[in-house]
Amino acid sequence: MPPDLLWDDVQSVFDAELMGSLPDLCVPKTSTDDWQSLLDFVASSAWRFEYAEGDTILPLPRAEAVFSRPADAESPALRVWITSSLVAIFCFYAPEEIDFDINVREIRDQEALDVFCEFLRSVGRRLGKSVLMDGEGGNPAVHPVLGFRIEADRVVVEDMPSAPAT
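The following refers to the structure shown. Here the structure is a predicted model, which is why all the values come from computation and not from measurement.

Next up on the list: the sheet that holds strand 8 (residues 146-149). The nine strands are arranged 3-2-4-5-6-1-7-8-9 in an open sheet whose pairing can be described as antiparallel. Edge positions in the sheet fall to strand 3 (56-58) and strand 9 (154-157), since each of these pairs with one other strand and no more. Taking the axes of each pair of neighbouring strands and ignoring which way they run, one obtains an average angle of 25 degrees across the sheet. On the sheet, helix 3 (residues 32-44) packs against strand 2 (48-53), strand 4 (76-81), strand 5 (87-94) and strand 6 (97-101) and is oriented at approximately 155 degrees with respect to strand 5. Across the face of the sheet, helix 5 (residues 110-127) comes into contact with strand 1 (24-28), strand 4, strand 5, strand 6, strand 7 (131-134), strand 8 and strand 9 while running at roughly 40 degrees to strand 8.

Have a look at this one:
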């Protein structure tokens, strides 16, 4: 099976100067049930993971428990080690969107890109939804640069970033 993306074609997407070092990824139009499906998927996978509220590491909770916590509670985060160096950090902002970040500095070649694409495909297929990426501070649901598109069943380029004018 050929790769979804070729490194030579998309390496600018993983340029920290253009995209920021932690681009934003999301699965839009989700619910607490989608979050639970993601948590179940992570728990049953071979990936190492860690759930924390603030600095306290805790067992992986049910999604409804995370979203019913008091507004002033410590911020929850789920770290998933896709590889020993590539980590997805899921932030529980709202049930309506699954938000996470990755460090683009860990994607430097075709092999790492293939692993990243496989992760997006796995999450998207599990949820039956698209998984989109934009630059750090961007809104991937509105202006994705690339993502797993459920309709295409693959990771596709949406809009390549361009270097800022000098």
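Take the nonpolar core next. Judged by nonpolar contacts, the single largest core of 44 residues is most densely connected at F14, F90, F116, F119 and L120. Setting aside chain neighbours within four positions, we find L120 in contact with L25, F100, V131, L146, F148 and V155.

Under the definition given, this model contains six salt bridges. Put simply, R121 and D4 hold a salt bridge, and the shortest N to O gap is 2.7 Å. One end of the pair, R121, is in helix 5; the other, D4, is in the segment before helix 1 (7-10), with 117 residues separating them in the sequence. For the residue pair R121 and D4, the accessibility class agrees, reading buried in each case. Between E53 and R69 there is a salt bridge, and its shortest N-O distance comes to 2.8 Å. With E53 in strand 2 and R69 in the loop between helix 4 (63-67) and strand 4, this pair connects stretches of sequence that are 16 residues apart. Judged by its relative accessible area of 19%, E53 is buried.

With that out of the way, let us pick up the layout of surface pockets. Taken as a whole, the largest pocket encloses approximately 170 Å³ of empty space. If you tally residues by element for the lining of the largest pocket, the top one is strand 5, at three residues. Of the residues assigned to the lining of the largest pocket, the class counts are nine nonpolar, one polar and two charged.

Neither face of strand 7 is exposed, since V131 and M133 on one face and L132 and D134 on the opposite face are all buried. Of the pairings in the sheet, the one linking strand 1 to strand 7 comprises three bridges and is antiparallel in character. By the bridge assignment, C26 is partnered in strand 7 with L132. Sheet analysis places strand 7 next to strand 8, joined by three bridges and oriented antiparallel. Opposite L132, over in strand 8, you have G147 as the bridge partner.

Parameters at a glance
- Residues numbered from 1 in each chain as written.
- Predicted model: local features only at pLDDT ≥ 70, side-chain atom pairs only at ≥ 80, totals over all residues.
- Heavy atoms only, no water.
- Pairing = 2+ DSSP bridges.
- Helix = DSSP H or I, 4+ residues; strand = E, 2+ residues; numbered from the N terminus.
- Axes fitted to C-alpha atoms, helices over the stretch in contact; angles between N-to-C directions.
- Contact = heavy atoms within 4.5 Å.
- Core = buried A, V, L, I, M, F, W, Y, C linked by side-chain atoms within 4.5 Å.
- Buried < 20%, exposed > 50% of the residue type's maximum accessible area, 1.4 Å probe, protein only.
- Salt bridge = Lys/Arg side-chain N within 4 Å of Asp/Glu carboxyl O.
- 1 Å grid on protein atoms, 1.4 Å probe; cavity = no way out; pocket = protein on both sides within 12 Å on 5 of 7 lines; lining within 4 Å.
- Points joined across faces, edges and corners; volume = space filled by probe spheres on them.
- Nonpolar A, V, L, I, M, F, W, Y, C, P; charged D, E, K, R; others polar.

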